[in-house]
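Architecture and fold: a report
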Amino acid sequence: MRTGEASTAVALHDATVAFRLADARLYTAVEQARLAVADGEFVAIVGPTGCGKSTLLNVAAGLLTPASGTVRIFDAPLTGLNREAGYLFQADALFPWKTAIDNVAIGLEIAGAPRTHALQRAQGWLESVGLGGFANRYPHMLSGGQRKRVGLAQVLIRDPKILLMDEPFGPLDAQTRQIIGNLLLQLWTADRKAVLFVTHDLEEAIALADRVVIMSAGPSSRIIGDWTVALPRPRDNFEIRLTHEFHALHREIWAVLRDEVMKGYAQAGEAVG
Amino acid sequence: MSRVTLLALQVLVAVVVLGLWQFFASVPVFGKMLLPPFFFSNPVDVAKQIVAWFVSGVIWKHLLITLWESILAFAIGSVGGVLVGFWFARQPRVAQVFDPYVKMVNALPRVVLAPIFTLWLGLGIWSKVALGVTLVFFVVFFNVYQGVKETNATLVDNARMLGMSERQLVRHVFWPSALSWMFSSLHTSVGFAVVGAVVGEYLGSAAGLGYLIQQAEGVFDVAGVFAGMFVLSAFVILIDLGVTLVERRLLVWKPKLAEHGG
């Protein structure tokens, strides 16, 4: 627990995001989203597929500009890219022509750090994510889970104050997800950054986060629920899921989320067939 | 199939083909030669011709000329293709303006340019280099252009979020991506460089493998034509082997494609 007023790391105020479709119609992805992430807080956004969770994350990253509403990062309006944030993408985003260690070191190198220093730090980070012996592997020689670990190290080496994560463990199998989730918890506990974590997996959200935010099915999705996860820390990503409190909270949130998931499926079904 | 069996079978194909050729070119069947020596020569004569070239050493001069022309055509064509492809991909407006002209020049069968090049650049190596360049340039250009244009958007976003400036983005993302596309067309472009050189020589020159074949053809020396063809094939295979070695070194970061079985 922090004393005094924790500053707000990310604040979205009535942010609406719209895209111009190919046939010139306007598609509203997210409508009037209001969300605040305190410094050091771990917030998970959960919603059905295609509800604009990633859109919201891109707004916080500065990769997308909202059509209306404001984005403030540490109480300053965001213009251009969010320089305080590190972004872990859903898709593989490692540079395929760089080795694991070069991929991790690049963030420091482009900031002007001497190469030997950058490589030293990168080796340290690879060890932190359990890949100390894989420094000279190219991304295609690593498994999906190992690539995610390298991605995590690549983002964290820059020591961003805010961590944005877009279904980062989505493509991994269930066991690997849990292991990497635990790794993330460990690393986060060491220096609590503000985290905005997008996932479609409610269990993962509850197990990791301080707060779980639910979004409605798209288009024009809104934030329809906000739960505080009062489970004690430090947590274990495996153990916590067995507790009674976890189940109670899961049932409570799922009651709301289920309807949205059904709506999301119905719309996706219409769109497809 | 084991390596030994495979090799044995591969050798067998050559032996059978050469054997049949030799047989029908030297033994009359029902009083008629199926492969008249005047048009088809025979493997023994062809082999003799090849040996004679290497023993006397005349062949080396021609091989070196063709090799040199191919190298120059490949180097100039590749550098040009990478630079222009990169420029067009990063400046879509420039690409739009030049698009019809690029298509027009590429649609032209390059052989018709040979007389022009000979006129402009003379009978020496440069007219052949120019012909090779027009072939290599477009292969590399289209590959690089497409490759840079379709650079993974997530990769670019990631690079931006890691704090790269536009210049760093070019250096660490677009440039490696462009080069990787150039290298992926390495076999084709090297092959085209040789084609340009040999065709150019054939159409008018004083040295090179194409010249050798053309000279033999001019005096109805069929053995000489075949000998030239065999030397040319061996030459291209050796170059291709070299390219494969270079590729292995440069593209270690690329996932192995299932192209070279075994």
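Residues numbered from 1 in each chain as written. Chains lettered and ligands numbered in written order. Predicted model: local features only at pLDDT ≥ 70, side-chain atom pairs only at ≥ 80, totals over all residues. Heavy atoms only, no water.

1. Examining the environment of V10(A)
All names here are of chain A. Short version of the rule: Per the convention used, a helix needs a DSSP run of H or I reaching at least four residues, while a strand needs a run of E reaching at least two, with both numbered from the N terminus. Residues are treated as being in contact if the distance between any of their heavy atoms lies within 4.5 Å.
On the secondary structure map, V10 appears in strand β1 (residues 8-20). Sequence separation between V10 and L196 is 186 residues, and the spatial gap between their C-alpha atoms is 8.8 Å. Sequence-distant contacts of V10, that is, excluding residues within four places in its chain, are made with L35, A36, V37, A60, R72, I73 and I162.

2. Re helix α5 (residues 92-107) of chain B
Residues and elements named next belong to chain B. Inclusion rule: A helix is expected to reach a length of 1.5 Å times the quantity of its residues less one. The cut-offs for exposure are 20% and 50% of the maximum accessible area for each residue type, with area from a 1.4 Å probe on protein chains only; residues under the lower value are buried, those over the upper are exposed, and the others partly exposed.
Between the first and last C-alpha of α5 there are 21 Å, a value that for 16 residues agrees with the 22 Å anticipated at 1.5 Å per step. V94, A95 and V102 are the residues of α5 that are buried. Of the surrounding secondary structure, the elements contacted by the buried residues of α5 are α4 (58-90) and α7 (125-149).

3. Here we look at empty space enclosed by the protein
Stated precisely, the cut-off is as follows: Think of a 1 Å grid over just the protein atoms. A cavity is a set of points where a 1.4 Å probe fits yet cannot get out, a pocket is an open set with protein on both sides within 12 Å along at least five of seven lines, and lining residues have an atom within 4 Å of a point. Grid points are joined across faces, edges and corners, and a volume is the space filled by probe spheres set on the points. Throughout this entry, Asp, Glu, Lys and Arg are counted as charged residues, while Ala, Val, Leu, Ile, Met, Phe, Trp, Tyr, Cys and Pro are counted as nonpolar. The remaining residues, Gly among them, count as polar.
Taken as a whole and assessed by the stated rule, the structure comprises two cavities of 30 Å³ or more. Here the largest cavity is characterised by a volume of approximately 80 Å³. Considering the residues around the largest cavity, the lining is formed by Y87(A), L88(A), F89(A), A91(A), D92(A), A93(A), L94(A), R147(A), K148(A), G151(A), Q154(A) and N158(B). Mapped by element, the contributors of at least two residues to the lining of the largest cavity are β6 (85-88) and α4 (144-156) of chain A. Looking at side-chain class alone, the lining of the largest cavity contains six nonpolar, three polar and three charged residues. If you go around the second largest cavity, the residues you meet are A114(B), F117(B), T118(B), S127(B), K128(B), L131(B), G200(B), L203(B) and G204(B). Only α6 (114-121), α7 and α10 (186-203) of chain B provide two or more residues apiece to the lining of the second largest cavity. Among the residues making up the lining of the second largest cavity, the classes are represented as four nonpolar, four polar and one charged.

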